[in-house]
Every structure is written in structure tokens, then in C-alpha cells.
Amino acid sequence: MTDPVFAAFAEASLWPGLGKTLAGQLAEHGIASPNDVLPSKLAKLPGIGLVRAERLVQAFAGAADRYEVVALLVPAGLPARLAFRAIESLGPTAAERLQADPWRLLDIPDVRLPEADRLARGLLGDAARPDDPRRGVALVAHVLVKAAREGSTCLPTEDVAAGVRAEGYDAVE
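Summary of the structure given here. (Residues numbered from 1 in each chain as written. Predicted model: local features only at pLDDT ≥ 70, side-chain atom pairs only at ≥ 80, totals over all residues. Heavy atoms only, no water.)

Each aromatic ring pair is described using two quantities: the centre-to-centre distance and the angle formed by the ring planes. According to the stated counting rule, one finds six aromatic pairs in the structure shown. Ring geometry for Phe-9 against Phe-60: centres 5.6 Å apart, planes inclined by 90°, an arrangement best described as edge-to-face. Here the residue Phe-9 occupies a position in helix H1 (residues 4-11), and Phe-60 occupies one in helix H4 (residues 50-62), the gap between them amounting to 51 residues. (Phe/Tyr/Trp six-rings, centres within 6.5 Å; stacked < 30°, edge-to-face > 60°. Helix = DSSP H or I, 4+ residues; strand = E, 2+ residues; numbered from the N terminus.)

In C-alpha cells:
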């Protein structure tokens, strides 16, 4: 059985050098989890020799930071491709940062509060509460960054509160 995180990682083109066609053939050649990423197994894929197989193994190892993020996103029902932007926004330790504060997902442009809440529920379970201070801090930062992208250099407190409420967080007074 194929590991769903592994499959999502490969299908999302997060593995450098592995195209969509090869990604679709991994499972049928017995490559269903990170433990199967071996030169001997990859060399059995059509058109892949041992040299390219070794490069693919190295590329997989080099994308470990992406894989760690995908391992958080996929179980929460979020798209694996979001890992690219998570690492771009949060750096190579994105997985650690998201585990510590799942609402940091809001640091990524175009991510909305429901997606960050979904990740929080996936990682924290019942401890993911709407009144979690990390949630409020991340949402305020999200509103400020969004305003900055739109050209604002200063935002009155009332506008920040309105922006937070517009995102669906109504605990702001």
C-alpha cells in the first residue's frame, strides 16, 4: 500500500528531477514509501539507469524539508504543493515552525484562516482552540502583511481589528 504522504509529495512535483510520468509509475514498481527510495528500485523505472536513480535518491534526500511539511499538510487535508510556499515563507525549518505554531501557515500569501485552523486541528487535535493566543497573533500579522502588500505602511488599530474580524476571528475588541 502506498504511503499517502509519499504519493502526494511525488505527485505534487516536490521531488526534484522526478516528473509527473515517473511519479505516476512509482507504486506499480514497488516504490510506495520513503523506505523504497533506493537506487536499485528506482533503476527499474522505465528509462532510468543507475546513475539517474542515484541522482533521484540524492534529490529526494535534499528535499527532506519539503517532505516534512507535506507530512503535516496532507493528513490535515491540505494540498501538498503548499509545501513550496511554506518553505519560501517560513524557511527550511518550516515543518518545525508549523508544528510549534500551526497558525504560522497564515504567513503564506493567499492562505486563509480556515486552512490554518484545519492544520491546527490536524496537529493539535482538541487543543486547537479558537482562543489560542497563537491564532490571534498569526491573524493580526496576516492582516498587517496583507495591508503592506497592498501598499499600506501604517494601519490604524481599528483597521487591524476590522481586518481580523473580516477573516472570521471575532474575539477582537
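To continue, consider helix H6 (residues 82-90). Within the span of H6, buried status applies to Leu-82, Ala-83, Ala-86, Ile-87 and Leu-90. The buried residues of H6 occupy one face: seen down the axis, they fall within an arc of 135°. The inward-facing, buried residues of H6 abut helix H5 (64-73) and helix H7 (94-100). Directly beyond the C-terminal end of H6, a positive phi value near 90° is found at Gly-91. (Buried < 20%, exposed > 50% of the residue type's maximum accessible area, 1.4 Å probe, protein only. Arc of directions from axis to C-beta. Contact = heavy atoms within 4.5 Å.)

Tracing the backbone shows Leu-50 in helix H4. C-alpha of Leu-50 to C-alpha of Tyr-67: the two residues are 17 residues apart in sequence and 23 Å apart in space. Not counting the four nearest positions on each side in its chain, Leu-50 is found in contact with Pro-39 and Ala-43.

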